[in-house]
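So you can see what is in the structure, the chains are spelled out below.
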Amino acid sequence: MADAARDTPRVLVPVAVLEGESVSESLADFLAAADVVVLGYHVIPEQTPAEQASLQFEERAQTAVEDLAALFREAGGDVETRVAFTHDRDQTVARVADEVDATATLLPNPVGDVEDVLVPLRGAIDTDRLAALVATLLAADPGTVTLWGIAAEVGEAEAAAAVERASATLRERGLDPARVATETSVADAPIRAIVERSADFDVIVMGEGEESLWSLLLGEDAERVAEAAVAPVLVVRDAPAGE
């Protein structure tokens, strides 16, 4: 189903279920306003056929995925589940995200109550889609959001314009302006700047972007960002061409 054809955003939650990775109750509560797809995956050695891994681990993986799905259902969310045994984690996550038309993909990290959300805005990202997701997640949540425009150089107008567009979308979606803080700053290393601020917020919501934040988060820089960031990260995917 195309994203434009449904009002509720869809969030893909990939979890390495056989390695003990999970999602906190507070994060499940935060995502409850979205449709959630829990992808329980297990990376297998290149020489191991997926069919063999499935025979060996399917029941255990499915049980773990259903336990996670129950967490989201208890929070009031709609949940689908998938199980995958893969030689390439990133490729599988990207494929499933396309198959389910995910609005965003979650990179889980431990978190307490979700009260403060950081939205870094940089480069050519789908600001409207990102802001719409944030508005949906905060509609029934008392939290606040900081829209942070990151410029590459002093005087760059693009970051401020992105902040204003996102702020306008949040207002149009009914979010109280008193819950929205806005700021812009210059950073020559934006990914590092985001990581450094992650300790001050409970969740980071960022766009995929022209430079492919997806590749930054799930490619060579993935471990640096995902491990260094204190907060969970929601990567908002660009809308398919034509929407």
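Residues numbered from 1 in each chain as written. Predicted model: local features only at pLDDT ≥ 70, side-chain atom pairs only at ≥ 80, totals over all residues. Heavy atoms only, no water.

Undergrad: Go over the sheet that holds strand E5 (residues 116–121) with me, naming the residues and quoting the values.
TA: The strand order across the open sheet built from nine strands is E3-E2-E1-E4-E9-E8-E5-E6-E7, with neighbouring strands paired in mixed fashion. Lying at the two open borders of the sheet, with one neighbouring strand each, are strand E3 (78–86) and strand E7 (180–186). Ignoring which end each strand starts from, the neighbouring axes of this sheet average 20° apart. Contacting E5, strand E6 (144–151), E7 and strand E8 (203–207), helix H6 (residues 190–197) runs over the sheet at an angle of about 155° to E6. (Pairing = 2+ DSSP bridges. Helix = DSSP H or I, 4+ residues; strand = E, 2+ residues; numbered from the N terminus. Axes fitted to C-alpha atoms, helices over the stretch in contact; angles between N-to-C directions. Contact = heavy atoms within 4.5 Å.)

Undergrad: Can you explain the confidence of the model for the protein? Please cite residues and give values.
TA: Taken as a whole, the protein shows an average pLDDT of 85; of its residues, 88% reach a score of 70 or greater. Low pLDDT, under 50, characterises residues 1–5; the predicted model gives this stretch nine contacts beyond four residues in sequence or across chains. (pLDDT = per-residue confidence, 0-100.)

Undergrad: Would you mind going over helix H2 (residues 50–74) in detail, with residue names and values included?
TA: Considering bend angle alone, the principal kink of H2 is centred on phenylalanine 57 and spans about 65°. Burial in H2 covers these residues: Ala53, Ala61, Val65, Leu68, Ala69, Leu71 and Phe72. Residues of H2 that are buried sit in contact with strand E1 (10–15), helix H1 (25–31), strand E2 (35–43) and E3. Looking one or two residues past H2, glycine 76 carries a phi angle of roughly 95°, positive in sign. (Bend = angle between axes of the 7 residues up to and from the residue. Buried < 20%, exposed > 50% of the residue type's maximum accessible area, 1.4 Å probe, protein only.)

Undergrad: Go over the pairing of E5 with me, naming the residues and quoting the values.
TA: Two faces make up the sheet, and in a regular strand the side chains alternate between them. Of all six residues in E5, five are buried, a share of seventy percent or more. Relative to E6, E5 runs parallel, the two being bridged by six bridges. By the bridge assignment, proline 120 is partnered in E6 with tryptophan 148. Of the strand pairs in this sheet, E5 and E8 are connected by two bridges, and their pairing is parallel. When the sheet's bridge partners are listed, valine 117 is paired in E8 with valine 203.

Undergrad: Break down helix H5 (residues 158–172) for me, citing the residues and quoting the values.
TA: A rise of 1.5 Å per residue sets the reference length of H5, with its 15 residues, at 21 Å; its end C-alpha atoms lie 21 Å apart and thus fit the reference within 8%. One or two residues past the end of H5 sits glycine 174, with phi positive at roughly 90°. (Expected span 1.5 Å × (residues − 1).)

Undergrad: Run through unusual backbone geometry, naming residues and quoting values.
TA: For aspartate 101, which is not glycine, the phi dihedral falls at a positive 55°. Mapped onto the elements of the fold, aspartate 101 is located in the loop between helix H3 (89–99) and strand E4 (104–107).

Undergrad: Residues and numbers for the packing of aromatic side chains, please.
TA: The final tally for this structure, using the stated rule, is zero aromatic pairs. The ring of tryptophan 148 carries arginine 197 above its face, with NZ or CZ at 4.6 Å from the centroid. (Phe/Tyr/Trp six-rings, centres within 6.5 Å; stacked < 30°, edge-to-face > 60°. Lys NZ or Arg CZ within 6 Å of the ring centre and 35° of its normal.)

Undergrad: Describe the packing of helix H4 (residues 127–138) against H5, listing the residues and the values that go with them.
TA: H5 packs onto H4 with a crossing angle of 40° between their chain directions and a minimal axis gap of 9 Å. Between H4 and H5, the crossing angle belongs to the class labelled oblique. Seen along the crossing, H4 lies across H5 with a hand that is right-handed. Judged by residue contacts, Thr127, Asp128, Ala131, Ala132, Val134 and Ala135 of H4 engage Ala162, Arg165, Ala166, Thr169 and Leu170 from H5. Among the residues forming the contact of H4 with H5, the class breakdown is seven nonpolar, two polar and two charged. (Parallel < 35°, antiparallel > 145°, perpendicular 65-115°, else oblique. Left-handed = near helix turned anticlockwise from the far one by under 90°. Nonpolar A, V, L, I, M, F, W, Y, C, P; charged D, E, K, R; others polar.)

Undergrad: Residue-level account of the nonpolar core, with values.
TA: Ranked by size, the top nonpolar core spans 50 residues in total, and within it Phe30, Leu31, Val145 and Val205 carry the most contacts. Other than its neighbours up to four places away in sequence, phenylalanine 30 contacts Val114, Val117, Leu137, Leu138, Asp141, Val203 and Leu234. Ranked by size, the runner-up nonpolar core spans 14 residues in total, among them Leu107, Ala193, Phe201 and Met206. (Core = buried A, V, L, I, M, F, W, Y, C linked by side-chain atoms within 4.5 Å.)

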